[in-house]
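Structure assessment
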Amino acid sequence: MNPEACQALAEDLCRIFLGWKLRDDYDALLAIGEGSLRIDLRSGEAWCDGDPIPALFIAGELSREIEKAGFNDAALEKAELEAEFQTHRRWRRGKDVPSLEIACRVRLRVTGRELTAEASTQA
C-alpha cells in the first residue's frame, strides 16, 4: 500500500473513532469521566490510564477498517490509537447533559514507516 493511502487510513481511523460508531462505548467513557485511552488496533485490547479494560466496540470497528484496507500482519507492524478524554456538561435540547471532549492520535507503522494522524472533538 502506498504512503498516501496509509496516511489516509490513519486519518480515517481518527474520524471513525470520533464519529457515530463510538456510540456503543460512549456511556462507558462517560462513566469513567476522564483519562487516557489506548487501543491496540490489531488485537482489540484496550487500556485506560494504563489499566486493562473490557473490549470496546469501537476497537472492533477500527480493526475491520484496517482489514478492509487490505493490510497483512507482515506489512502492518503497529496500529495503535491513543485518546485523551474528559466529560463536560452541555446544554442540549433544553437539558444539561454530559458529553465527551476527545483528542485522539492514530499511529501506524507500515513496513518500517511511521504514520500519524490526529483529530479531536470541539469543546
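Structural data are supplied above this passage.
So, helix α1 (residues 3-18)
If you check α1, its first and last C-alpha atoms are 23 Å apart, about what 16 residues at 1.5 Å a residue would give, namely 22 Å. In this structure, the buried side of α1 is in contact with β1 (34-40), α3 (57-68), β4 (76-92), β5 (95-110) and β6 (113-120).

Section: a negative patch on the surface
A cluster of like negative charges, contributed by Glu34, Asp49, Asp51 and Glu84, occupies part of the molecular surface. Its location among the elements puts Glu34 in strand β1.

Here's the deal with the sheet that holds β4
Read from one edge to the other, the open sheet built from six strands follows the order β3-β2-β1-β4-β5-β6, with strand pairing classed as antiparallel. Looking at the sheet topology across the chains shown, the edges are occupied by β3 (51-53) and β6. This sheet shows a mean twist of 25 degrees between the axes of neighbouring strands, independent of strand direction. The sheet contact formed by β5 and β6 spans eight bridges and is antiparallel. When the sheet's bridge partners are listed, Arg107 is paired in β6 with Thr116. Contacting β1, β4, β5 and β6, α1 runs over the sheet at an angle of about 160 degrees to β5. Against the sheet, helix α2 (residues 23-32) contacts β1, β2 (46-48), β4 and β5, and its axis sits at roughly 105 degrees relative to β5.

Definitions and cut-offs
- Residues numbered from 1 in each chain as written.
- Predicted model: local features only at pLDDT ≥ 70, side-chain atom pairs only at ≥ 80, totals over all residues.
- Heavy atoms only, no water.
- Helix = DSSP H or I, 4+ residues; strand = E, 2+ residues; numbered from the N terminus.
- Expected span 1.5 Å × (residues − 1).
- Contact = heavy atoms within 4.5 Å.
- Patch = residues over 30% accessible without salt bridge, like charges linked within 9 Å, V, L, I, M, F, W, Y side chains within 5 Å.
- Areas by Shrake-Rupley, 256 points an atom, 1.4 Å probe, with all protein chains shown as cover.
- Salt bridge = Lys/Arg side-chain N within 4 Å of Asp/Glu carboxyl O.
- Lys, Arg positive; Asp, Glu negative; His and termini not counted.
- Charge placed at Lys NZ, Arg CZ, Asp CG, Glu CD.
- Pairing = 2+ DSSP bridges.
- Axes fitted to C-alpha atoms, helices over the stretch in contact; angles between N-to-C directions.

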